[in-house]
Amino acid sequence: MTYRIEMREETNKTKCMLRVVEMMTLRTIVGKTRRDRVRNTDIREQCGVQDVVRWGRQRKRQWCSHVKRMDKNSLPRIVLEGKPVGTRPAGRPPKRWKDSRQSTSQEILQRRAQN
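What counts, and at which threshold
Residues numbered from 1 in each chain as written. Predicted model: local features only at pLDDT ≥ 70, side-chain atom pairs only at ≥ 80, totals over all residues. Heavy atoms only, no water. Helix = DSSP H or I, 4+ residues; strand = E, 2+ residues; numbered from the N terminus. Buried < 20%, exposed > 50% of the residue type's maximum accessible area, 1.4 Å probe, protein only. Contact = heavy atoms within 4.5 Å. 1 Å grid on protein atoms, 1.4 Å probe; cavity = no way out; pocket = protein on both sides within 12 Å on 5 of 7 lines; lining within 4 Å. Points joined across faces, edges and corners; volume = space filled by probe spheres on them. Nonpolar A, V, L, I, M, F, W, Y, C, P; charged D, E, K, R; others polar. Axes fitted to C-alpha atoms, helices over the stretch in contact; angles between N-to-C directions. Parallel < 35°, antiparallel > 145°, perpendicular 65-115°, else oblique. Lys, Arg positive; Asp, Glu negative; His and termini not counted. Salt bridge = Lys/Arg side-chain N within 4 Å of Asp/Glu carboxyl O.

### Observations concerning the overall build of the protein chain
Thinking step 1. What the protein chain contains, in helices and strands, is five helices and zero strands.
Thinking step 2. Along its sequence from the N terminus, the protein chain presents helices and strands in the succession α-α-α-α-α.
Thinking step 3. Out of the 115 residues belonging to the protein chain, those deemed buried represent 23%.
Thinking step 4. Long-range pairs, those at least 24 residues apart, make up 53% of the contacts in the protein chain with a sequence separation of at least 6.

### Examining the layout of surface pockets
Thinking step 1. Taken as a whole, the largest pocket encloses approximately 440 Å³ of empty space.
Thinking step 2. Every residue lining the largest pocket is counted, 13 residues in all, and those nearest its centre are Val-79, Leu-80, Gly-82, Trp-97 and Lys-98.
Thinking step 3. Put simply, the parts of the chain that give the lining of the largest pocket at least two residues each are α3 (52–69), α4 (75–81) and α5 (97–114).
Thinking step 4. Tallying contributions element by element places α4 first for the lining of the largest pocket, with three residues.
Thinking step 5. A breakdown of the residues in the lining of the largest pocket according to their chemical character gives eight nonpolar, one polar and four charged.
Thinking step 6. Of the pockets and cavities examined, the second largest pocket occupies roughly 160 Å³.
Thinking step 7. Taken together, Met-1, Thr-2, Val-21, Glu-22, Thr-25, Leu-26, Ile-29, Val-49, Gln-50, Val-52 and Trp-55 form the lining of the second largest pocket.
Thinking step 8. Mapped by element, the contributors of at least two residues to the lining of the second largest pocket are α1 (12–30) and α3.
Thinking step 9. No other element matches α1, which puts five residues into the lining of the second largest pocket.
Thinking step 10. Here the lining of the second largest pocket is built from residues that sort into seven nonpolar, three polar and one charged.

### Examining the packing of α1 against α3
Thinking step 1. Axis separation between α1 and α3 bottoms out at 9 Å; the angle between their running directions is 120°. Looking at the two axes, α1 sits oblique to α3. For the pair α1 and α3, contact is made by Lys-15, Leu-18, Arg-19 and Glu-22 and by Val-52, Val-53 and Arg-57, respectively.
Thinking step 2. Looking at side-chain class alone, the contact of α1 with α3 contains three nonpolar, no polar and four charged residues.

### Considerations on the side chain of Arg-27
Thinking step 1. Examined against the element boundaries, Arg-27 turns out to sit in helix α1.
Thinking step 2. Salt bridges are absent for the buried Arg-27, whose nearest opposite-charge side chain, Asp-36, sits at 6.4 Å.
Thinking step 3. Every residue in contact with Arg-27, bar those within four places of it in the chain, is listed here: Lys-32, Thr-33, Arg-34, Val-38, Arg-39, Asn-40 and Ile-43.

### Observations concerning the environment of Val-30
Thinking step 1. Along the chain, Val-30 turns up in helix α1.
Thinking step 2. On a C-alpha basis, the gap between Val-30 and Arg-44 in space is 9.7 Å, while along the polypeptide they are 14 residues apart.
Thinking step 3. In contact with Val-30, other than residues within four places in its own chain, are Ile-43, Gln-46 and Cys-47.

### What to know about empty space enclosed by the protein
Thinking step 1. Applying the stated criterion across every chain, the model contains one cavity of 30 Å³ or more.
Thinking step 2. In this model, the largest cavity occupies a volume close to 80 Å³.
Thinking step 3. What lines the largest cavity is simply Ile-5, Arg-8, Glu-9, Glu-10, Thr-14, Lys-15, Leu-18, Val-53, Gly-56, Arg-57 and Lys-60.
Thinking step 4. Sort the elements by how many residues they give to the lining of the largest cavity and α3 lands first, with four residues.
Thinking step 5. Tallied by class, the residues present in the lining of the largest cavity amount to three nonpolar, two polar and six charged.

Spatial relationships are all this shows, so hold off on functional conclusions.
Structure below.
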């Protein structure tokens, strides 16, 4: 889960799946079930971990800055900055990793403006 999170596109479905798996794991570690009716935030606090989606966003930002420091001829940098040539099929395009990175930047700016 943590290895792939840096490269995964961020959709509502993937965020939901990550949070479900995280909470299943943390509840097992703590020894609580859903019948115990303990809030997820309390369990995260007890384990001392942050939300997996937020952690993943941090990892994405770190990975992006790491790639930008690479040489311009390195393959990861070429892929990150490259633009494909050709036409795309009709319909809504799939969400890309780059789009989710940009949306997290927008979210951070909005949060800062609110505070």
